[in-house]
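Next come the chains, spelled out residue by residue.
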Amino acid sequence: MLRFLPGWLLLPVSFSCFALNLAFWGIVVTPIGIFKLLLPFKNVHRVLAMAGRSCFRGWTIVNTSLINLFNDVDWQISGEQTLDRESWYLLIANHKSWLDIPVVSGFAHKLIPEPKFFLKDQLKWIPFLGTGCWALDMPYMKRYSAATLAKYPHLKGRDIATTRKSCAKFLTVPTTIINFVEGSRCTEQKRLARKSPFQYLLPPKAGGIAFTLASMGEQFTAILDVTLIYPDNQQHVALDMLMGRLKRIVIKAEVLAVDEQVIGDYFNDPAFRERFQLWLNQRWQTKDRHIQAFYQQEQQSSTAQQLVC
C-alpha cells in the first residue's frame with residue numbers, strides 16, 4: 001500500500017512502525033513476567049505461558065504484515081512439507097541480517113512451534129528485558145569458564161544441569177530452539193577477516209549448539225537446518241527492507257536426525273568434540289554449496305532470458 005513512496009521517505013515511517021510494534025508487545029509481555037514472579041503456582045504459570053506465546057505470535061504476525069506492507073516480497077519457501085507444530089526442533093541457520101529473526105519467526109509461525117532463543121543467564125536480571133524473556137519462556141544458559149572450573153571443580157557439569165532445569169517446561173510443550181551458528185551476521189568483511197573457507201558463510205561455532213544438544217538433545221524430534229538467502233539484497237538487507245526495496249526471501253529447510261553424531265559430552269570428550277565439529281562443518285559445506293547452486297541457477301536463468309529477448 002505504501003510501496004509507492006520513495007525509499008528516503010518510507011524509511012522513517014517503516015522504522016517507526018516496527019519500533020512501535022516491538023514497544024507495544026514489550027509493554028504487554030512485561031506484566032506477564034512480573035505476575036510469574038509474584039504468583040509461583042504451576043497452573044498460573046501455565047496460563048501465563050500461553051499468554052506469552054500469544055504475545056510472541058502477535059509480534060510475529062505484525063512484523064510479517066509490515067514487511068509485506070512496505071515491500072513487494074516474493075517468499076520462496078521449500079522443505080516445509082515435512083514439518084509440523086507438534087514436534088520439538090533445534091533450528092540452526094546462517095545469519096545474514098538483523099531481519100533474520102523476524103523472518104525465521106514468520107517462517108515458524110504456521111509450520112513449527114513458537115521459537116525460543118537461548119539467553120545468557122545474566123540477562124535475567126536486566127529490568128523489563130529479563131522479566132519479558134522469562135514471560136516468553138526463553139531458556140537461560142549458564143556457562144562456567146575453564147578458569148572457573150579449574151578453581152572450583154565442584155561446578156563441573158552444573159551449567160548443563162541448570163540449563164536442563166530451565167528447559168524442563170518444554171518436556172510437555174512442543175518447542176523450537178533457534179541457534180544462529182555463525183555467532184554474528186555474515187558480511188564480506190567478516191568473512192575475509194576470519195579467513196572463512198566458505199564462499200557465502202562464516203565458519204560455524206560448535207560450542208553453543210553442542211551445549212544446547214547436551215542440555216536437551218533427547219527432547220528434540222529433529223534438527224531443522226534452515227538456509228536464508230536474500231538474492232536481490234545481499235548488502236544491506238534490513239535497510240533495504242525498511243526502504244521498500246526487499247524483493248525476495250528464500251528459505252530452504254532440511255530436516256536432520258538427532259542421533260549419536262550430535263549428542264555427547266562436547267566439553268569433556270575430545271573424540272566426540274572432533275566428530276561433532278566435523279559434522280557441523282560438513283553441514284556448513286553443504287549449505288554453502290546450496291547457496292552457490294542457487295546463484296548459479298539464477299545466473300543461468302538470467303542469461304537464458306537475455307538470449308530469448
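Described below are features of the structure shown in this document. Throughout, residues of each chain are indexed from 1 in the direction in which the sequence is written. Whole-chain, interface and lining totals are the exception, using all residues; otherwise, since this is a predicted model, local features are given only for residues with pLDDT of at least 70 and side-chain atom pairs are given and counted only at 80 or more. Computation of side-chain values covers all heavy atoms of the structure but excludes hydrogens and water.

1. A few points about empty space enclosed by the protein
Going by this rule: Using a 1 Å grid laid over the protein atoms alone, points where a 1.4 Å probe fits but cannot get out form a cavity; open sets with protein on both sides within 12 Å along at least 5 of 7 lines form a pocket; any residue with an atom within 4 Å of a point counts as lining. Grid points are joined across faces, edges and corners, and a volume is the space filled by probe spheres set on the points. Secondary structure elements follow DSSP: runs of H or I of four or more residues count as helices, runs of E of two or more count as strands, with numbering from the N terminus.
All chains considered together, the criterion is met by one cavity of 30 Å³ or more. In this model, the largest cavity occupies a volume close to 40 Å³. Taken together, Phe-56, Arg-57, Thr-60, Arg-85, Ser-105, Ala-108, His-109, Ile-112, Pro-113, Glu-114 and Pro-115 make up the full set of residues lining the largest cavity. Secondary structure elements with two or more residues in the lining of the largest cavity: α2 (42-70) and α3 (100-111).

2. Thoughts on the packing of aromatic side chains
Definition in use: Only Phe, Tyr and Trp rings take part, Trp by its six-membered ring, and two of them pair if their centres are within 6.5 Å. Stacked means planes under 30 degrees apart, edge-to-face means over 60, and tilted covers everything else. Buried means the residue's accessible area, taken with a 1.4 Å probe over protein chains only, is under 20% of the maximum for its type, while exposed means over 50%, and partly exposed covers the values in between.
Within the structure shown, the criterion is met by seven aromatic pairs. Centroid distance Tyr-200 to Tyr-295: 5.4 Å. Interplanar angle 25 degrees. Geometry classified as stacked. In this pair, Tyr-200 is assigned in the loop between α7 (188-193) and α8 (206-216) and Tyr-295 in helix α10 (residues 270-308), connecting sequence segments 95 residues apart. On the accessibility criterion, Tyr-295 (17% relative accessible area) is buried. Ring geometry for Phe-294 and Tyr-295: centres 5.6 Å apart, planes at 80 degrees, overall edge-to-face. What links up through ring pairs into an aromatic cluster is the set Tyr-266, Phe-272, Phe-276 and Trp-279.

3. Topic: the sheet that holds strand β8 (residues 248-256)
The criterion, for reference: Here, strands pair whenever DSSP counts at least two bridges between them. Think of each axis as a best-fit line through the C-alpha atoms, taken over the contacting stretch in the case of a helix, with angles from 0 to 180 degrees between the N-to-C directions.
Overall, mixed pairing links the six strands, which are arranged β1-β8-β7-β2-β6-β3 in an open sheet. Here the strands that pair on one side only, and so sit at the sheet edges, are β1 (74-78) and β3 (115-117). For this sheet, the mean inter-axis angle between neighbouring strands, taken without regard to orientation, is 25 degrees. Looking at chain direction, β1 and β8 are connected through five bridges and run parallel. Across the sheet, residue Trp-75 finds its bridge partner in β8, namely Ile-249.

4. Describing α8
Summarising burial for α8: 10 of the 11 residues are buried, a large majority. Along α8, the positions that sit buried rather than exposed are Ala-206, Gly-207, Ile-209, Ala-210, Phe-211, Thr-212, Leu-213, Ala-214, Ser-215 and Met-216.

5. What about the packing of α2 against α3?
Convention followed: Relative orientations are named as follows: roughly parallel for angles under 35 degrees, roughly antiparallel for angles over 145 degrees, roughly perpendicular for angles from 65 to 115 degrees, and oblique for any other angle. In this analysis, two residues are considered to be in contact whenever any of their non-hydrogen atoms come within 4.5 Å of each other. Three classes are used, and their members are as follows: Ala, Val, Leu, Ile, Met, Phe, Trp, Tyr, Cys and Pro are nonpolar, Asp, Glu, Lys and Arg are charged, and the others, Gly among them, are polar.
Two elements in contact, α2 and α3, have axes separated by 9 Å at closest approach and are oriented at 110 degrees. Judged by the inter-axis angle, α2 sits roughly perpendicular to α3. Touching Phe-56, Arg-57, Trp-59, Thr-60, Ile-61, Asn-63 and Thr-64 of α2 are Ile-101, Pro-102, Ser-105, Gly-106 and His-109, all from α3. Of the residues in the contact of α2 with α3, the class split is five nonpolar, six polar and one charged.

6. Quick look at the pattern of salt bridges
To be explicit about the condition: The salt bridge criterion pairs a side-chain nitrogen of Lys or Arg with a carboxyl oxygen of Asp or Glu, the two atoms within 4 Å.
The full count for this structure, using the stated rule, is nine salt bridges. Across the pair Arg-191 and Glu-188 runs a salt bridge whose closest N-O atoms are separated by 2.8 Å. Placement of both Arg-191 and Glu-188 in helix α7 is noted, with a separation of three residues, approximately one turn of the helix. With a shortest N-O distance of 2.5 Å, Asp-225 and Lys-287 are connected by a salt bridge. Note that Asp-225 is positioned in strand β7 (residues 222-229) and Lys-287 in helix α10, a separation of 62 residues in sequence. We note that Asp-225, like Lys-287, is buried. Three or more residues joined by partner-sharing salt bridges are found here, namely Asp-225, Glu-254, Arg-283 and Lys-287.

7. A short note on unusual backbone geometry
With a phi angle near 60 degrees, Asp-137 is a residue other than glycine that sits in the positive phi range. The phi dihedral of Lys-195 is positive, around 50 degrees, even though this residue is not glycine.

8. Points about a nonpolar patch on the surface
Stated precisely, the cut-off is as follows: Grouping into patches uses exposed residues only, defined as over 30% relative accessible area, and leaves out salt-bridged ones; the cut-off is 9 Å for like charges and 5 Å for nonpolar side chains (Val, Leu, Ile, Met, Phe, Trp, Tyr). Method for areas: the Shrake-Rupley scheme with a 1.4 Å probe, in which residue coverage is limited to the protein chains shown.
Taken together, the side chains of Ile-34, Phe-35, Leu-37, Leu-38, Leu-39 and Phe-41 make up a nonpolar region of the molecular surface, amounting to roughly 590 Å² of accessible area. Structurally, Leu-38 can be placed in helix α1 (residues 7-38).

9. Concerning the environment of Leu-66
As for its placement among the helices and strands, Leu-66 is situated in helix α2. Given a relative accessible area of 10%, Leu-66 falls into the buried group. If we ignore the near neighbours within four places in the chain, the residues touching Leu-66 are Cys-17 and Phe-18.

10. Observations concerning the nonpolar core
We count it as follows: Residues grouped as a nonpolar core are buried Ala, Val, Leu, Ile, Met, Phe, Trp, Tyr and Cys residues, joined through side-chain atoms within 4.5 Å.
Counting 43 residues, the largest nonpolar core has Leu-91, Phe-107, Leu-224, Val-226 and Leu-246 as the members making the most contacts within it. Per element, the largest residue contribution to this core is seven residues, and it comes from α2. One finds Leu-90, Ile-92, Ile-177 and Leu-256 within the second-largest nonpolar core, a separate group that totals 30 residues.

11. Description of the packing of α1 against α2
Packing of α1 against α2 leaves a shortest axis separation of 9 Å and a crossing angle of 175 degrees. Taken together, the axis directions place α1 and α2 in an arrangement best described as roughly antiparallel. Partitioning the contact of α1 with α2 into residue classes produces 18 nonpolar, six polar and one charged.

12. Topic: the side chain of Ser-14
Applied cut-off: Throughout this description, a polar contact denotes any pair of N or O atoms lying within 3.5 Å of each other; where both atoms belong to protein, one of them has to be capable of donating a hydrogen while the other can accept it, and for residues adjacent in sequence the pair is counted only when both atoms sit in side chains.
Position of Ser-14 among the secondary structure elements: in helix α1. Within the local environment of Ser-14, its side chain forms a polar contact with the backbone oxygen of Leu-242, the two atoms lying 2.6 Å apart. Those residues in contact with Ser-14 that lie beyond four places of it in its chain are Phe-70 and Leu-242.

Structural measurements only, silent on function.
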